[in-house]
Each structure stands twice: as C-alpha cells, then as structure tokens.
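An overview of the molecular structure
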Amino acid sequence: MKVCLVGVGDKKFHFNEMLNINDIELDNYLNEISFAFKNTDSVPVCLTDYGILFDFVKKFKSVGGNKVIGLAPLSDDSFGISHLQEFINAEINSKKVFDEIIDTGDWYKQDMTHCLFGDVILVLGLSTGSLGELAYGYYLYNLIGGFKKEINDKSSSIHKKICAGKNVPLHTIVFSPFLKEKLPFELEKYVEKFGAKIFYVSNSKELENVFVEIKKDWPNK
C-alpha cells in the first residue's frame, strides 16, 4: 500500500514554536511511525524536498524500511528544481533514500495531484502548502473518481502513476500529535461524501492498526 505523506517544511516554526514538540520528541515520533510502516509493508510517497517528510523517509530507511517513492516536478520551467537535487540524490547508509522518482510535471500540477499518488494519505502536520495539497487532492479525486456523472475515470490521462481510488477509497489518516486541532469540519464532510474516511491516530500503534484495517478491504489480498 502506498501512503502519500502530507506535512510541513518549516519544522522549527511548526513543531518547536506552535506545538512545543522538541527535536528529541520529534525524532522519537518519527522512529515509531517508521516501524508502523515497516511492520505493515507500507510504502511512503512524498515530495523530494526539505522538511518533516524527508526526515521521516530517512528515518524509515535507517530502520530497514524497504521502498520510498519520491515526487518531483522534473519538467518544471517556472520555479525550477535545482533546490530539490540534493534530496533527489540523497543517500543513507550508501543507499538512495528515494528508490523511484515520479515526474509530476510542473509545480502547479505537483501541488494539485500530490495526494493522488498514494492509496491513502497520512497527514504529518499542516501548512498553507500541505493544506492545499490535501484540498486539491480531494477536489481532483472527486472529478476522476466517478462522483460527477459527466466525468468518467480520467486518472490515467492526468498521470499514469496515479493510484488513488484504484484499490481502496482515498482515506486520510491524521497523526494527531502533529496538529493543534482537527481538520476543518467542511473538509471532513466532503471526504465522507466521496466515500472515504478520516482516521485520527495518537500514536504509532493506532497508526499500524489503521493500516491493517484499510488493507482488509484490499482487492485480491
């Protein structure tokens, strides 16, 4: 199961200043979450950029995690991707952090389609960018998922690697310690309208249990 990660870039502002989570506590959280992924053979998917998500996938690889998929707008000519190269090529223990890089097109398409490259979404903090990714992910999921009568499944025409809705509904899991409050009520209701669920978990064991629960609905398991 591919798990698309949504999170924040400015770790100091979000975790230290807003949530009062120090660096040692944060590292412990990431370590625990890594084992939830490893124990359930879940594959993290994230943007190849600085921030909490890159820290997580490095941690995942350090505890023996298998595959990590990176997203990068390799074809972008607006903002460019020179600042992503160090992350795209990053290594840990002499092995690449990212085993596969998906070219998402340009930055605009990257932001809008980000959440569609996972079977489910895991929220590891909210910022203006990550909230946009989450909202636009469900906006497009609504369009390509057959919820609008006049539009059939067009996911392959957007990108052949999109997998949201192919195996299970696009559920969202929120790691509650990394958010001050729950997601907006209205967003929750639209997610429910599209046939998906939002799970709030407070620790890695609860996260692992949700992964297992979602996989029970996996076709041909």
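In the block above lies the structure referred to throughout.
Owing to the predicted nature of the structure, the values given are computational and were not obtained by experimental measurement. (Residues numbered from 1 in each chain as written. Predicted model: local features only at pLDDT ≥ 70, side-chain atom pairs only at ≥ 80, totals over all residues. Heavy atoms only, no water.)

1. Focus on the overall build of the protein chain
Let me state the cut-off plainly: Numbering of helices and strands runs from the N terminus; a helix is a DSSP stretch of H or I covering at least four residues, while a strand is a stretch of E covering at least two. Computation of the radius of gyration draws on C-alpha atoms, with the globule rule given as 2.2 Å multiplied by the number of residues to the power 0.38. Buried, partly exposed and exposed residues are distinguished by accessible area as a fraction of the type maximum, computed with a 1.4 Å probe on protein chains only: under 20%, between the cut-offs, and over 50%, respectively. Contacts are assigned to residue pairs with any non-hydrogen atoms lying within 4.5 Å of each other. Surface exposure here means Shrake-Rupley accessible area, sampled with a 1.4 Å probe, where a residue is shielded only by the protein chains that are shown.
Within the protein chain, the regular secondary structure consists of nine helices and nine strands. Here the protein chain has a C-alpha radius of gyration of 16 Å; the compact-globule value for 221 residues is 17 Å, and the two agree. Reported as C-alpha extents along the three principal axes, the dimensions of the protein chain are approximately 50 × 40 × 35 Å. Considering the protein chain as a whole, with its 221 residues, one finds that 50% of them fall into the buried category. Contacts in the protein chain between residues far apart in sequence, at least 24 positions, make up 78% of those at least 6 positions apart. For the protein chain, the accessible area works out to roughly 10900 Å², and carbon and sulfur atoms hold 49% of it.

2. Quick notes on the packing of aromatic side chains
We describe a pair of aromatic rings using the distance from one ring centre to the other and the angle between the two ring planes. Formally: The pairing test for Phe, Tyr and Trp rings, Trp by its six-membered ring, is centres within 6.5 Å, and the orientation test on the planes gives stacked under 30 degrees, edge-to-face over 60, and tilted for anything in between.
Counted according to the given criterion, the structure contains 14 aromatic pairs. Ring geometry for phenylalanine 79 and tyrosine 108: centres 6.1 Å apart, planes at 55°, overall tilted. Taken together, the residues phenylalanine 79 in the loop between strand 3 (69-72) and helix 4 (85-88) and tyrosine 108 in helix 5 (residues 107-113) connect sequence positions 29 residues apart. What makes phenylalanine 79 exposed here is its relative accessible area of 59%. Centre to centre, the rings of tyrosine 136 and tyrosine 139 are 6.3 Å apart; their planes meet at 85°, and the pair counts as edge-to-face. Within this pair, tyrosine 136 and its partner tyrosine 139 are both found in helix 6 (residues 128-144), separated by three residues, close to a single helical turn. According to the relative accessible area criterion, tyrosine 136 is partly exposed, its value standing at 42%. Its relative accessible area of 47% is what places tyrosine 139 among the partly exposed residues. In textbook terms, an aromatic cluster arises when at least three aromatic residues are bridged by ring pairs, as seen for Phe15, Tyr29, Phe175 and Phe178.

3. Concerning the pairing of strand 8 (residues 172-175)
This is how the line gets drawn: If DSSP finds at least two bridges between two strands, the strands pair. Seen with its strands pointing away from the viewer, a crossover is right-handed if its path from the first strand over the helix to the second goes clockwise.
Residues Thr172 and Val174 of strand 8 are buried on one face, and the alternating residues Ile173 and Phe175, pointing to the opposite face, are buried as well. As paired strands, strand 7 (residues 120-124) and strand 8 are joined by three bridges and run parallel to one another. If you follow valine 123 over to strand 8, its bridge partner there is valine 174. Crossover handedness for the path strand 8 to helix 8 (residues 185-193) to strand 9 (residues 198-201): right-handed.

4. Side note on the packing of helix 2 (residues 23-39) against helix 3 (residues 52-62)
Quick note on the threshold: In this analysis, axes come from line fits to C-alpha atoms, helices being fitted only over the stretch in contact, and the angle between any two N-to-C directions falls in the range 0 to 180 degrees. Roughly parallel refers to an angle under 35 degrees, roughly antiparallel to one over 145, roughly perpendicular to one between 65 and 115, and oblique to any angle outside these ranges. Less than a right angle of anticlockwise turn of the near helix away from the far helix marks a crossing as left-handed, whereas a clockwise turn marks it as right-handed. All residues other than Ala, Val, Leu, Ile, Met, Phe, Trp, Tyr, Cys, Pro, Asp, Glu, Lys and Arg, Gly among them, are scored as polar; the first ten of these are nonpolar and the last four charged.
Viewed as axis vectors pointing N to C, helix 2 and helix 3 meet at an angle of 60°, and their least axial separation amounts to 9 Å. The pairing of helix 2 with helix 3 is recorded here as oblique in orientation. Viewed along their axes, helix 2 and helix 3 form a crossing whose handedness is right-handed. In this structure, helix 2 contributes Leu26, Asp27, Leu30, Asn31, Ile33, Ser34, Phe37 and Lys38 to the contact, and helix 3 contributes Ile52, Asp55, Phe56, Lys59 and Phe60. For the contact of helix 2 with helix 3, the per-class residue count stands at seven nonpolar, two polar and four charged.

5. Observations concerning the pattern of salt bridges
We apply this condition: For salt bridges, the criterion is a side-chain nitrogen of Lys or Arg within 4 Å of an Asp or Glu carboxyl oxygen.
Applying the stated criterion to the full structure yields seven salt bridges. With a shortest N-O distance of 2.5 Å, lysine 11 and aspartate 55 are connected by a salt bridge. Of this pair, lysine 11 sits in helix 1 (residues 11-18) while aspartate 55 sits in helix 3, placing them 44 residues apart in sequence. Look at lysine 11 and you get partly exposed, because its relative accessible area is 28%. Lysine 161 is paired through a salt bridge with glutamate 100; the nearest N and O atoms lie 3.0 Å apart. Here lysine 161, found in the loop between helix 7 (155-158) and strand 8, pairs with glutamate 100, found in strand 6 (residues 100-103); they are 61 residues apart in sequence, far enough to count as distant. Overall, lysine 161 belongs to the partly exposed group, its relative accessible area being 35%. Through salt bridges with shared partners, a single ionic network connects Lys67, Glu100 and Lys161.

These figures come from the coordinates and say nothing about function on their own.
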